[in-house]
Amino acid sequence: MVRVRFAPSPTGFLHIGSARTAIFNWLHARHTGGQFLLRIEDTDMRRSERRFLEEILADLRWLGLDWDEEPLFQSRRFGVYREKAEDLVSAGKAYHDAGAILFKVPPGRQLAYDDMIHGRIAVETATIKDQVMIKSDGSPSYNFACVVDDAFLRITHILRGDDHISNTPKQILFYEAFGLEPPLFGHMPLILGADGSKLSKRHGGVSVDEYKHQGFLPQALANYLVLLGWMPRDGREVMPLDEAVRLFEISQMNDVQAKFDLQKLRWLNGEYIMRMPEAELLPLVRAELAAHGLDVSGIADDYLSRVLALYRVRLKTLGDFPIMTDSFFRDYFVLEEDGLAQLALPESREFLAVVAERLAAVEPFTHDAIDKVFRDFVEERHLKAGQVIHPARMAVSGKTKGAGLFEMMEVLGRGRTVERLRRAAHG
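What comes next concerns the included structure. Everything quoted here is computed from the prediction, not taken from an experiment.

So, how was this worked out
- Residues numbered from 1 in each chain as written.
- Predicted model: local features only at pLDDT ≥ 70, side-chain atom pairs only at ≥ 80, totals over all residues.
- Heavy atoms only, no water.
- Helix = DSSP H or I, 4+ residues; strand = E, 2+ residues; numbered from the N terminus.
- Buried < 20%, exposed > 50% of the residue type's maximum accessible area, 1.4 Å probe, protein only.
- Pairing = 2+ DSSP bridges.
- Right-handed = clockwise from strand over helix to strand, strands pointing away.
- Polar contact = N/O pair within 3.5 Å; in protein donor to acceptor, adjacent residues only side chain to side chain.
- Contact = heavy atoms within 4.5 Å.
- Axes fitted to C-alpha atoms, helices over the stretch in contact; angles between N-to-C directions.

## What to know about unusual backbone geometry
Residue P364 follows E363 across a cis peptide bond; omega there is 0 degrees. Unlike most non-glycine residues, E69 shows phi in positive territory, near 65 degrees. Turning to its location among the elements, E69 is positioned in the loop between α2 (50-62) and β3 (72-73). Exposure remark for E69: the relative accessible area of 41% places this residue in the partly exposed category.

## A short note on the pairing of strand β1 (residues 3-6)
Regular strands place their side chains on alternate faces of the sheet. Side-chain alternation along β1 places R3 and R5 on one buried face and V4 and F6 on a second face that is also buried. Examined bridge by bridge, β1 and strand β2 (residues 35-40) share 4 bridges and lie parallel to one another. Looking across to β2, one finds that F6 is bridged to L38. Taken together, β1, helix α1 (residues 16-32) and β2 constitute a β-α-β crossover, and its handedness is right-handed.

## Section: the side chain of R39
By the element assignment, R39 lies in strand β2. On the basis of relative accessible area, R39 is assigned to the buried category, the value being 0%. Separated by 2.5 Å, the side chains of R39 and D150 make a polar contact. With residues up to four places along the chain from it excluded, the contact list for R39 reads R5, F6, A7, P8, L72, Q74, C146, D149, D150 and L153.

## Description of the sheet that holds β2
Hydrogen bonds along the backbone pair up the strands of a sheet, which may run parallel or antiparallel. With respect to topology, 3 strands assemble into an open sheet ordered β1-β2-β3, the strand pairing being parallel. Because the sheet does not close on itself, it has two edges, and the strands there are β1 and β3. Bridging between β2 and β3 involves 2 bridges; their strand directions are parallel. The residue bridging I40 from the neighbouring strand is F73, located in β3. Strand contacts of helix α4 (residues 142-152): β1, β2 and β3, with the helix running at about 145 degrees to β2, the strand carrying the most contacts.

Here it is in C-alpha cells:
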C-alpha cells in the first residue's frame, strides 16, 4: 500500500509552497487508495508553537485535505532517535564527538536513485561529510530524524520540493546503515515568481491563511496549486480535487519550475465563484460583508441574492464583493473621486432632479420601466445617454462603474433610488 506523509514545522503559518507539497502527497495517496500521514517536525522547541500547529491543521482541512492515523510528533521521540543513533555506534558505523553523535560516511561510493520526477540522480560520497545524527544539545538532525520516522511510519513514497535533493543521498545512507529499503523519492521543482525570480510576498508567495482572508475559495486555491506541477492530459484547468484524484499520475508531473501567477489564480477563483451554488455562496458573501464593517444582520437572503446576481460575474475574490456593493447596504457612502467633477456640473444636477421626479411615479419599478424614463428624457433634451447615466450612477452607488444602472436601481428600490438622486441633485 502507498503511504506518503506531509511534515510541517509549527514555527510559522502554512506557506503556499508547503500547501502544494501537501496536496500532491494527498493526491497520490487518494489516487492509489493509499494513506496520507502527518508528521509534525517540532524538534525546535523554542520556535514551535501550538497556535501555528492548529492553524496549519485548520488550513489543510480548509483546502479539502484529510489524513489517516494520528499525527506523529518528533518532539516526543528524542529517546527513540538517540537509541537508534547508539545502535549505529555499536555497529561501528557512527561515533561520539564533543557530545554529538556522527555517522561515518563511507568514501569512494556513488549513491544513485531514480527520482520519480527528474529521473536518475547520482552523487559521490566524497562530496558528503560525516553526518550529525544527534546534536550536542540532544536534539536530532533533520536528515536522521526523517529516516527514523519515515521507516517507523512505513513510508513508501516521499514527494517534496527540489530544495531537498541534497538531503536525499544523506538519507539513503541512513536507510542502508539500518538495512532498510529506501522509499521512492520525487522532487518537485520550486515555485517561482511571475518574473522568474524566487517566490516572495510581492509575487503572492504568502501563507494560505492570507489567501483565505483575501476572499479566495479553498477549492480554487487547491486547484491552482495542483496546476503548479501537473495538468491532466486533456489540458483542463478548472478541476476540483475529487476530479484531480481520479486523473492524477506522478509520472506526468512537470520537471520544470512553475511560475506563480496571481492574476491566473484570481481568474480561477472567479470561475469557482461563478459555478458555486447560491445556497453555498450566500453565507460566504454575508460573512465577507460583515468582515468589512457592514451591518447585514437584518438583510434578507432574497435581497442579498439579488445583489449577488448583479455582481457574481464581476467577482474575482469574495473580498471584491463588499467593495463593489457597499452602497446596497448603507445609505451614505464615499464617492469615487473620478466621478465627482461630472456630478458637480449644474446641468447634471438639473438632469438628476428631473429624472428623480419621473422615477418617483414609475410603477412597477422594473429596470425596463426605469430604462424608458432615461431614454425618453435623453431624447427630449437631445442629450447623449452618458450625460445622464454617468452622474446617476455616481448618485446611487458612488462609483463610476459597476452592474447595469437600471438593474441596480431596481434592486435598490424606488424609494432609495429617488432619495439618492434628489440628494445628489441638491448637492
